[in-house]
Structure formats: C-alpha cells, structure tokens
Amino acid sequence: MFFCVVGTAIIRSRYRNGPVLIPTLPGEKPSGVTIIRPLKGLDSNMVENLSSSFRQTYPIFEILFCVADPEDPVIPVVQELIASNSQVDARLFIGCHETGVNPKINNMQHAWEAAQYDIIWIMDSNVSADPGCMQRSVAALSQPQIGLVHHLPCGVRAQTYGSSLEQTFLNTAHAKMYVTINKLAVASCLIGKSNMFRRSDLADVGGLAYFGKYMSEDNIIGEALWAKGLRHAMTTDLAYQTLGSLSARDYFDRRARWIRIRKYTVTVATLTEPLTESIVNGLLAAWSLTVLAPQIPTLPFLAFHFAVWLASDWIIATTLDPATRNTRTAFFKAWVVRELATLPLWIYAMAGSTVEWRGKLFWLNSDGTVQPAGKPWTERCYAYMVQKMRNANSASLASRLK
C-alpha cells in the first residue's frame, strides 16, 4: 500500500500539469547533445516516434540512427526522414560491431564512436518525447552530482488486448514503483527507454562496449554511475511508448523475460516484487488484521482494499495518459487479468534461467551477464535424462553378459 499511496501522490503532483522547465545554472552555455536511436524492423507509429527527435527545441544536437541489418525495412523510412529534415544534423549507421551478446549495444557501437558531443541521449525506436524534453533533460543533467537523466515510460496507443495489458502494467504498477524508488533515491532504478548521460562518465566505468555482456545494460549502467557517486534525475517529461498490436502472449513473454533478467541484477527488489501487488498485499494485510484487529471483518476489508487500489491505479493511468478515460471497460478488464496473473507469472519467471531476445535464446548467469544458449533448458534436461537412461541400460546389459 506504501507504493500505492506515495506513487499516486508523486505522479499526480509531477505529471498532471505537463512538463515543467528546470532552470539552467547561471552563465552556462548550451552543451551539444547526440541522440542515438537503435532500430530494428518497423515499429508501430515509427515515423511519429522518430520525428519527435527532429522536433526538439534545442540549439545544438545531432541524431544518429543505427541499423544492424543492411536489409532492414526501416532503412528507407529513416533515409526519407533525414532528407525531409535537412535542417537537423542526422546520420544513419548500417551494420553492427560485435562487442558482446547484447544486440542493442552492438547496434549502437558505430554511432557511439562517431558521436560529436559528450552528452548522449539514447532513445528506443518505439518511444517519442515532447519537443522541450531535451532542453529540460540537459538542464537536469547540469545540476550538481547528477550523472544520468531518465524519463518515466508511458504506454500509449494500445490497439489490442495484449497491448492493454502492457499499458495497464506500465501506467499503474510499474509507474508508481518507479517514481517512488527514484524519489527516495535509495538506489539506482531505471529502464532504458529514454536515458541521457555523459559519454565521459561512462568511459570512467568501462565504456559502452563493456556493458555488452549484460542483457539489462540500462540498469547496469545506472548502477555503475551510481557507484561512481553520480545520482539520477527525472524530469516531468514522459517517454511515450507506442504499444501497437501486442498479443496477450507477447505481454506475458515480455514480463517473464524481464523478471528473469532482474532476478540476477536487482535480486532483492525482484524477490519482494509480489509484496507490492494488490492481491498478495491485500491477503497479507487481511491475515494481519485477524491477529491484530480480529473485530474487523475480512471480506469487507478486502473489498475496501481492492476498491482503493483500483481507484489509485485509475488516477495514475488517467494522469499519465488522459486517453485512458475513453477506454474504461478495456482498462478494467486488463487490470483484473493483470492483477490475477501477477503472482503465477512471477513464480513461472523466477523458475527459469533462459530468455529469448530478438529471436535468440540466452542463458542467464548469476552475475547478471548472459551467454548464447543452444537448445532450450527443457530440451537439454530431456536429452540428459535420455542419455542417463541409455547409460544405465548399457551398464545393466553389460553386467548380465559377464
């Protein structure tokens, strides 16, 4: 309930009136910014997402697009955008530099090395930002002891039920936990949808290529900068993530993948995650009342608990994306299913040690690194059992022949 109350209050106070300008330090000249946008395939609403980078109201910046596959259909889209926005310094890099197993890091490496400016803003391909986001972010980054600026992801334009599940997660449970942890500033907590930091600071902790051995490079980069004494800041901007046409299976697969990755990178937070969800939280609270206040009836308490939780999530969701008010029924259906599925999904994810990313299977190591996997874990176990049975049968046959 703590995240529910505090998260709702933070989100309402920070985002209900739109972005607020952060004043720059007196006498400071604008620093150049390099936007790096790694791309793969055609995402929903891609032209609008990428166009938002060209519309930034900031005096000095460049945009570097990265595509690993020379046959990727996104290439002509980017080329047309660059041609139609000749007033902005923008370039396209095709091909990747293999520095590790993380395909996003490999894709960005050429652009990283070619960047003109020290301030780097990495934006995923399915994300857009308001025109003044860069100005506000640079101002935040210029504050003392700030080494990274990031923006709260906000799911928008959900077209299917699976996308509604993803939107409900991003704009409720994830949002309130994300802003609360960052407000308390007890540890690094970020997601790599839209992050800004200095290349020189990252060089001090190994450089971009060093993080290619991790799948959750965003979180590991944040922790490395945090350990260096540099704190994180959030502006009042949102990273608008276009959700498009996800299936329900896509949603559950994505959630399971990131829970598995996080269990080795932020273990304590992942282990306690079910306690921040409505069902586990409500059941524990109801059990506590049977001991501490047995006169309070359980069922009315649970009804009150879930009503308050739902109201809180509705306030958060409609604050971040006002269009949610037009889809009340879809929101409620997605909210109920997501809440019911949270604990089973968490248990399933915690029990596995492989993830599939960009069509490739990876093994997760306990130190947070990953390595390419051959056959899935279930196939390996089956093959191992079959081999053990064959060995046992062979030994038994050999003993009978003696």
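Treat the numbers as computed from the prediction; the structure is a model and nothing was measured. (Residues numbered from 1 in each chain as written. Predicted model: local features only at pLDDT ≥ 70, side-chain atom pairs only at ≥ 80, totals over all residues. Heavy atoms only, no water.)

Enquirer: I would appreciate a short explanation of the overall build of the chain in the present structure.
Expert: For the chain, the helix and strand inventory stands at 14 helices and 11 strands. The C-alpha radius of gyration of the chain comes to 24 Å, within 12% of the 21 Å expected for a compact globule of 402 residues. A principal-axis box enclosing the C-alpha atoms of the chain has dimensions of 85 × 70 × 40 Å. Pairs at least 24 residues apart make up 76% of the contacts formed inside the chain by residues separated by at least 6 positions. For the chain, the accessible area works out to roughly 18,900 Å², and carbon and sulfur atoms hold 60% of it. In the chain, which carries 38 positive and 31 negative side-chain charges, the distance between the mean positions of the two groups comes to 7 Å. (Helix = DSSP H or I, 4+ residues; strand = E, 2+ residues; numbered from the N terminus. Rg over C-alpha atoms; globule rule 2.2 N^0.38 Å. Contact = heavy atoms within 4.5 Å. Areas by Shrake-Rupley, 256 points an atom, 1.4 Å probe, with all protein chains shown as cover. Lys, Arg positive; Asp, Glu negative; His and termini not counted. Charge placed at Lys NZ, Arg CZ, Asp CG, Glu CD.)

Enquirer: Whenever I open this one, the pairing of strand 3 (residues 89-94) confuses me. Can you help?
Expert: Two faces make up the sheet, and in a regular strand the side chains alternate between them. With 6 bridges joining them, strand 2 (residues 61-67) and strand 3 adopt parallel strand pairing. Bridging from a neighbouring strand, Ile63 pairs with Ala90 of strand 3. (Pairing = 2+ DSSP bridges.)

Enquirer: When you look at the sheet that holds strand 5 (residues 127-128) in this model, what are you seeing that I'm missing?
Expert: Backbone hydrogen bonds are what pair the strands of a sheet, in a parallel or an antiparallel way. With mixed pairing, 8 strands are arranged side by side in an open sheet as 3-2-1-4-7-6-8-5. Taken across any chain shown, the strands that pair with only one partner, and hence form the sheet edges, are strand 3 and strand 5. The sheet contacts of helix 6 (residues 161-184) involve strand 6 (146-158) and strand 8 (231-244), and relative to strand 6 the element is tilted by about 155°. (Axes fitted to C-alpha atoms, helices over the stretch in contact; angles between N-to-C directions.)

Enquirer: Mind showing me how you'd approach the packing of aromatic side chains here?
Expert: Any pair of aromatic rings gets described here by the distance separating the centres and the angle formed by the planes. Applying the stated criterion across every chain yields a total of 6 aromatic pairs. For the ring pair Tyr210 and Phe211, a centre distance of 5.0 Å and an interplane angle of 85° mean the geometry is edge-to-face. Among the residues examined, Tyr210 registers a relative accessible area of 38% and is labelled partly exposed. The class for Phe211 is buried, based on a relative accessible area of 1%. A ring pair is formed by Tyr251 and Phe252, whose centres lie 5.1 Å apart and whose planes are at 65°; its orientation type is edge-to-face. Cluster of aromatic residues (ring-pair linked, three or more members): Tyr210, Phe211 and Tyr214. (Phe/Tyr/Trp six-rings, centres within 6.5 Å; stacked < 30°, edge-to-face > 60°. Buried < 20%, exposed > 50% of the residue type's maximum accessible area, 1.4 Å probe, protein only.)

Enquirer: Which parts of the structure should I look at to understand the nonpolar core?
Expert: The tendency in soluble globular proteins is for nonpolar side chains to be buried side by side. Of all hydrophobic cores here, the largest spans 39 residues; its most connected members are Tyr15, Ile36, Leu152 and Leu320. Setting aside residues up to four positions removed in sequence, Leu320 forms contacts with Ile11, Tyr15, Leu152, Cys154, Asn171, Ala175 and Leu238. Membership of the second largest hydrophobic core comes to 33 residues, among which are Val33, Phe65, Ile146 and Val149. (Core = buried A, V, L, I, M, F, W, Y, C linked by side-chain atoms within 4.5 Å.)

Enquirer: Sorry if this is basic, but what is going on with the pairing of strand 10 (residues 360-364) here?
Expert: Note: strand 9 (residues 354-357) against strand 10, 4 bridges, orientation antiparallel. Bridged to Trp357 within strand 10 is Lys360. Between the antiparallel neighbours strand 9 and strand 10 lie 2 residues, among them Arg358 with a positive phi of about 55°. The pairing of strand 10 with strand 11 (residues 370-372) spans 3 bridges and is classified as antiparallel. In the strand pairing of strand 11, Leu364 is matched with Val370. Hairpin connection, strand 10 to strand 11: the antiparallel pair is bridged by 5 residues, and Gly368 has positive phi, about 95°.

Enquirer: Would you explain the packing of helix 11 (residues 278-292) against helix 12 (residues 298-320) in this entry?
Expert: Angle between the axes and distance between the axes: these two values describe a pair of packed helices. Close contact between helix 11 and helix 12 brings their axes to 10 Å; oriented N to C, the two are set at 145°. Note on packing geometry: the crossing formed by helix 11 with helix 12 is right-handed. Residue-level inspection shows Ser278, Ile279, Asn281, Gly282, Leu283, Ala285, Ala286, Leu289 and Thr290 of helix 11 in contact with helix 12, the latter providing Thr298, Phe301, Leu302, His305, Phe306 and Trp309. Residues that form the contact of helix 11 with helix 12 fall into these classes: 9 nonpolar, 6 polar and no charged. (Left-handed = near helix turned anticlockwise from the far one by under 90°. Nonpolar A, V, L, I, M, F, W, Y, C, P; charged D, E, K, R; others polar.)

Enquirer: How do you make sense of helix 6 when you look at a structure like this?
Expert: Because the α-helix completes a turn every 3.6 residues, residues three or four places apart line up on one side. End to end, helix 6 covers 34 Å across 24 residues, agreeing with the expected 34 Å (1.5 Å per residue, within 8%). The axis of helix 6 is deflected most strongly, by about 45°, at His174. Of all the 24 residues making up helix 6, 21 are buried; the element is thus mostly covered by neighbouring parts of the structure. Phi turns positive one or two residues past the end of helix 6, at Ala185, with a value near 55°. (Expected span 1.5 Å × (residues − 1). Bend = angle between axes of the 7 residues up to and from the residue.)

Enquirer: It is not clear to me how the environment of Ser194 should be interpreted in this structure. Could you clarify?
Expert: On the secondary structure map, Ser194 appears in strand 7 (residues 194-198). According to the relative accessible area criterion, Ser194 is buried, its value standing at 2%. Each C-alpha atom of the pair Ser194 and Leu152 lies 8.3 Å from the other, and the pair is 42 residues apart in sequence. When near neighbours in sequence (up to four residues on either side) are disregarded, Ser194 contacts Trp121, Ile122, Met123, Val149, His150, His151 and Ala239. A polar contact is formed between the side chain of Ser194 and the side chain of Trp121, at a distance of 2.9 Å. (Polar contact = N/O pair within 3.5 Å; in protein donor to acceptor, adjacent residues only side chain to side chain.)

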